[in-house]
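Topology and contacts: notes
Here is how the chains run, residue by residue.
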Amino acid sequence: MGFVRGASIALSLALAATGLSACGGLGGGRAADDDVSARLGIGVNAFLWRASLDTLSFMPLASADPWGGVITYDWYVNPQAPDERFKATVFILDRRLRADALNVSVTKEVRGADGQWTTTPVAAQTESDLENAILTRARQLNLAAGG
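Residues numbered from 1 in each chain as written. Predicted model: local features only at pLDDT ≥ 70, side-chain atom pairs only at ≥ 80, totals over all residues. Heavy atoms only, no water.

**Here's the deal with the overall build of the protein**
Along the protein, the regular secondary structure elements total four helices and five strands. Put simply, the protein runs from its N terminus to its C terminus through helices and strands in the order α-α-α-β-β-β-β-β-α. Looking at the protein residue by residue over its 147 residues, the buried ones come to 36%. Pairs at least 24 residues apart make up 50% of the contacts formed inside the protein by residues separated by at least 6 positions. For the protein, the accessible surface area stands at approximately 7,400 Å², while carbon and sulfur atoms represent 55% of it. (Helix = DSSP H or I, 4+ residues; strand = E, 2+ residues; numbered from the N terminus. Buried < 20%, exposed > 50% of the residue type's maximum accessible area, 1.4 Å probe, protein only. Contact = heavy atoms within 4.5 Å. Areas by Shrake-Rupley, 256 points an atom, 1.4 Å probe, with all protein chains shown as cover.)

Here it is as structure tokens:
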């Protein structure tokens, strides 16, 4: 777990060090997006990657694969609802900053009276809301970098 956090911090420092100034706008020129991602040594869009880590930073990070574009979060329990827990996986599918380059999957479990956790459906809007929040953050990062 410490290694994963260390890798996340190292990636954050690499993103900050490059200034992310070479990326294009929202549609993102593929060459510009590829250039930043290649310099960072990741196989996916750097803005989507950073935005995913920022947006879901409240959840414990289980694993992060910047080359494959998969970020897996461990169970998170909201203190106001201790009988519910959530787990998320973010898939970044492209080097371009595009809405269809992102997929978020959320699993929800509820603790029954017997203390056992049971998988239950997640509200239909939850995954879309998380994707939109990540995309909004990615756009902010892109604009801050001069894209």
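**Here we look at the environment of R98**
Residue placement: R98 occurs in the loop between β3 (84-92) and β4 (102-111). With relative accessibility at 32%, the residue R98 sits in the partly exposed group. If sequence neighbours within four positions are ignored, R98 has contacts with L48 and L135.

**So, the pattern of salt bridges**
Applying the stated rule across the entire model yields seven salt bridges. In this structure, R85 and E109 form a salt bridge, with 2.6 Å as the shortest nitrogen-oxygen distance. Residue R85 is located in strand β3, and its partner E109 is located in strand β4; the two are separated by 24 residues in the primary sequence. Classification of R85 by relative accessible area gives buried; the value is 18%. Notably, a salt bridge pairs R98 with D100, separated by 2.7 Å at the nearest N-O pair. A network of salt bridges, in which partner residues are shared, links R50, D54 and R137. (Salt bridge = Lys/Arg side-chain N within 4 Å of Asp/Glu carboxyl O.)

**Digging into the sheet that holds strand β5 (residues 117-120)**
Read across the open sheet, the five strands follow the order β1-β2-β3-β4-β5; overall the sheet is antiparallel. Of all the strands in the sheet, the pair left with one neighbour each is β1 (61-65) and β5. For this sheet, the mean angle separating the axes of adjacent strands, direction not counted, is 15°. Seen against the sheet, helix α3 (residues 46-55) touches β1, β2 (70-73), β3 and β4 and runs at an angle of roughly 5° to β2. Seen against the sheet, helix α4 (residues 124-144) touches β3 and β4 and runs at an angle of roughly 135° to β4. (Pairing = 2+ DSSP bridges. Axes fitted to C-alpha atoms, helices over the stretch in contact; angles between N-to-C directions.)

**Some points on the nonpolar core**
Formed by 25 residues in total, the largest nonpolar core has its most connected members in L48, L56, I71, Y73, V90, I92 and I134. Secondary-structure elements contributing two or more residues to this core are α3, β2, β3, β4 and α4. (Core = buried A, V, L, I, M, F, W, Y, C linked by side-chain atoms within 4.5 Å.)

Keep in mind these numbers describe shape, not what the thing actually does.
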